[in-house]
Amino acid sequence: MGHTTKMRDIIGLIKDKASQSKATLLSKPSNLSLQLALLRATNHDPFNPPNDKNIATILSYGHSSRATASTVIEAIMDRLQSTGNSSVALKCLITVHHIVKYGSFILQDQLSVYPSNGGRNYLKLSNFRDNSSSISWELSSWVRWYAKYVETLLFVSRVLGFFLASSSNTIEKDNQEEKISSFMNKDLLKEIVALVGLMEEICKRPDCLHVEGTIKLVDKVMGFVGEDYLSAINEVTVRVSEFKERLSGLSFGDSVELVCALKRLEDCKERLLVLSTGKESLKESFWGLVSEVKDRVGADMVSKDEGKLVNWVRREKVSESARFGERVLISGDSVGFPSRRPRQGSFSYSRELMESYS
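Residues numbered from 1 in each chain as written. Predicted model: local features only at pLDDT ≥ 70, side-chain atom pairs only at ≥ 80, totals over all residues. Heavy atoms only, no water.

Under an unreviewed UniProt entry, the protein has the name ENTH domain-containing protein and belongs to Castanea mollissima.

Right, dumping it as structure tokens:
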């Protein structure tokens, strides 16, 4: 096994050198630095995350024209979708996550409208398998999950109208509470459901790697995901706090959907609490708020006619299949124009709600 792994590392190193030599010969002079930085950032080394210097070079192209930014995104996606190597794929996804967090507005905008044909699973990695070694096999499960997570993160950003956890969103954050107070209930619910979906995706992460040496690569992934989780907590807190102020005016349908979303969120609590993100007091107050609002809305529902819940559930079952198809990402949508994601999964907890609050 050790000999096989060593030979694979040597082959990977040769491939990296060959790719860089090819890029030097064939790339346009204006794109050569980008191509080399991308190849070096997404090399075949299964142990270390992308080098900060190479990532910085890639991000620097986002301060140029829109066409140049588009070239960056296409280069990353071409690299991602043409590789069968788990280390390369995982580093491409980390590079995309870097753009979400630290990319310029133009670079993020080009990422938000990729691909031009839209669709779910557009990174096309749900069936990714690399069985060339035990390390590659374990990393493959991380590639599949991380690709789905990044897709979900981009979708949530479309719903919110800005990139979650991005360092460039200071203006949006400053005006957040004022903007949210003017939102209609259905819009707040749509955003809460999207954020809950992101937290649910975090909970689906693979188990810890059993292959020694790969921890740095996965640690980089989970470091980014942990920061996203804290940002999601802040976004959900603002919206749930707004609903707390509106409890007396909630319609029956909105009450059901809010409780269902918060119940789904509470189901994630145990799996999310094990993340090493710090800020324990923030997480404690967050889960307390979620529980408080869920219980208050649920108790209020009991005082209303339970027949309304039965009729509402029947209507939801009839329309759910039609709404499911609307989850496909709209072609050409950018983060600045949130998509119309349906509020899903609400009727799945209906019987539990009737039993819990009766």
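### Digging into the overall build of the protein
Filter applied, for reference: A helix here means a DSSP run of H or I that spans at least four residues, while a strand means a run of E at least two residues long, and both kinds are numbered starting from the N terminus. When accessible area is computed with a 1.4 Å probe and restricted to protein chains, residues below 20% of their type maximum are described as buried, those above 50% as exposed, and intermediate ones as partly exposed. We call two residues in contact whenever any of their non-hydrogen atoms come within 4.5 Å of each other. Each accessible area is a Shrake-Rupley result for a 1.4 Å probe, and residues are judged covered by the shown protein chains and nothing else.
Along the protein, the regular secondary structure elements total 16 helices and zero strands. Looking at the protein residue by residue over its 358 residues, the buried ones come to 52%. Pairs at least 24 apart in sequence give 82% of the contacts found in the protein among residues at least 6 apart. Working note: accessible area of the protein is about 16800 Å², and carbon and sulfur atoms make up 52% of it.

### Observations concerning the state of the cysteines
Here is the idea: a disulfide is a covalent bond, and it sits between the sulfur atoms of two cysteines. The condition that has to hold: Any cysteine sulfur atom paired with another within 2.5 Å is treated as part of a disulfide.
This model, assessed by the stated rule, comprises zero disulfides. There is no disulfide at Cys 203, and the cysteine sulfur nearest it, in Cys 268, is 3.9 Å away. On the basis of relative accessible area, Cys 203 is assigned to the buried category, the value being 16%. When its relative accessible area of 4% is taken as the criterion, Cys 268 is described as buried.

### Things to note about helix α12 (residues 252–267)
Test applied: A helix is expected to span 1.5 Å for every residue after the first.
Compared with an ideal rise of 1.5 Å per residue, which puts 16 residues at 22 Å, α12 spans 23 Å between its outermost C-alpha atoms and is within 8% of the ideal. Judged by how many residues are buried, α12 sits mostly within the fold: 13 of 16 residues are covered.

### Re the nonpolar core
This is how the line gets drawn: We define a nonpolar core as any set of buried Ala, Val, Leu, Ile, Met, Phe, Trp, Tyr and Cys residues linked to one another through side-chain atoms lying within 4.5 Å.
Tyr 146, Met 199, Leu 258 and Leu 272 are the most contacted members of the largest nonpolar core, which totals 93 residues. Element by element, the count of residues in this core is highest for helix α7 (residues 134–160), at 15 residues.

### Here's the deal with unusual backbone geometry
One non-glycine residue with positive phi stands out, namely Ala 165, at about 70°. The phi dihedral of Lys 279 falls on the positive side, at around 55°, and the residue is not glycine. By the secondary structure assignment, Lys 279 is in the loop between α13 (269–273) and α14 (280–302).

### Quick look at α7
Taking 1.5 Å per residue, 27 residues should reach 39 Å; α7 reaches 39 Å between its end C-alpha atoms and fits that length. Of the residues trailing α7, Gly 161 is marked for its positive phi of about 90°.

### Details of the packing of α7 against helix α11 (residues 215–245)
Keep this limit in mind: Under this scheme, a helix contributes an axis fitted over its contacting stretch, all axes are lines through C-alpha atoms, and angles between N-to-C directions fall in the 0 to 180 degree range. Reported orientations rely on four angle classes, namely roughly parallel under 35 degrees, roughly antiparallel over 145, roughly perpendicular from 65 to 115, and oblique for the rest. Each crossing is labelled by how the near helix is turned from the far one, with a counterclockwise turn of less than a right angle marking it left-handed and a clockwise turn marking it right-handed. Polarity classes work like this: nonpolar for Ala, Val, Leu, Ile, Met, Phe, Trp, Tyr, Cys and Pro, charged for Asp, Glu, Lys and Arg, and polar for all others, with Gly in that last group.
Two numbers describe how α7 lies on α11: the axes approach to 12 Å, and their chain directions differ by 30°. Classified by the interaxial angle, the pair formed by α7 and α11 is roughly parallel. Between α7 and α11 lies a crossing of left-handed hand. Across the interface between the two elements, Leu 139, Trp 142, Trp 145, Tyr 146, Tyr 149, Leu 153 and Leu 160 of α7 pack against Leu 217, Val 218, Val 221, Met 222, Phe 224, Val 225, Asp 228 and Arg 239 of α11. Counted by class, the contact of α7 with α11 contains 13 nonpolar, no polar and two charged residues.

### Description of the environment of Asn 51
What counts here: Under the rule applied, a polar contact is a pair of N or O atoms within 3.5 Å (in protein, one hydrogen donor and one hydrogen acceptor; residues adjacent in sequence only if both atoms are side-chain atoms).
With respect to the helices and strands, the residue Asn 51 is situated in the loop between α2 (29–41) and α3 (52–60). You can call Asn 51 partly exposed: its relative accessible area is 41%. In this structure the C-alpha to C-alpha distance between Asn 51 and Arg 40, which are 11 residues apart in sequence, comes to 7.8 Å. A distance of 2.7 Å separates a polar side-chain atom of Asn 51 from the backbone nitrogen of Lys 53.

### Observations concerning the packing of aromatic side chains
Defined as follows: Within 6.5 Å between ring centres, the rings of Phe, Tyr and Trp (the latter by its six-membered ring) count as paired, and their orientation is classed by plane angle as stacked under 30 degrees, edge-to-face over 60, tilted in between.
The final tally for this structure, using the stated rule, is six aromatic pairs. Judged by centre distance (5.7 Å) and plane angle (90°), the rings of Trp 142 and Trp 145 are edge-to-face. In this pair, Trp 142 and Trp 145 are both assigned in helix α7, three residues apart and thus about one turn of the helix distant. Each member of the pair Trp 142 and Trp 145 is classed as buried. An angle of 20° between the planes, with centres 6.5 Å apart, marks the rings of Tyr 146 and Tyr 149 as stacked. Taken together, the positions of Tyr 146 and Tyr 149, both in helix α7 and three residues apart, correspond to about one turn of that helix. Here the two residues Tyr 146 and Tyr 149 agree in accessibility, since each one is buried. One aromatic cluster is present, built from ring pairs that chain together Trp 142, Trp 145, Tyr 146 and Tyr 149.

### Focus on the pattern of salt bridges
Keep this limit in mind: The rule for a salt bridge is simple: a side-chain nitrogen of Lys or Arg has to be within 4 Å of a carboxyl oxygen of Asp or Glu.
Across all of its chains, the model carries 14 salt bridges by this definition. Residue Lys 148 is joined to Glu 201 by a salt bridge in which the shortest nitrogen-to-oxygen separation is 3.4 Å. Taken together, the residues Lys 148 in helix α7 and Glu 201 in helix α10 (residues 185–203) connect sequence positions 53 residues apart. Overall, the relative accessible area of 40% leaves Lys 148 in the partly exposed class. The closest approach of N and O atoms between Lys 244 and Glu 292, which form a salt bridge, is 3.2 Å. A residue pair is termed long-range when its members are at least 10 positions apart, and Lys 244 in helix α11 and Glu 292 in helix α14 qualify at 48 residues. We classify Lys 244 as partly exposed; its relative accessible area is 27%. Taken together, the salt bridges that share partners define one network made up of Lys 148, Glu 201 and Lys 204.

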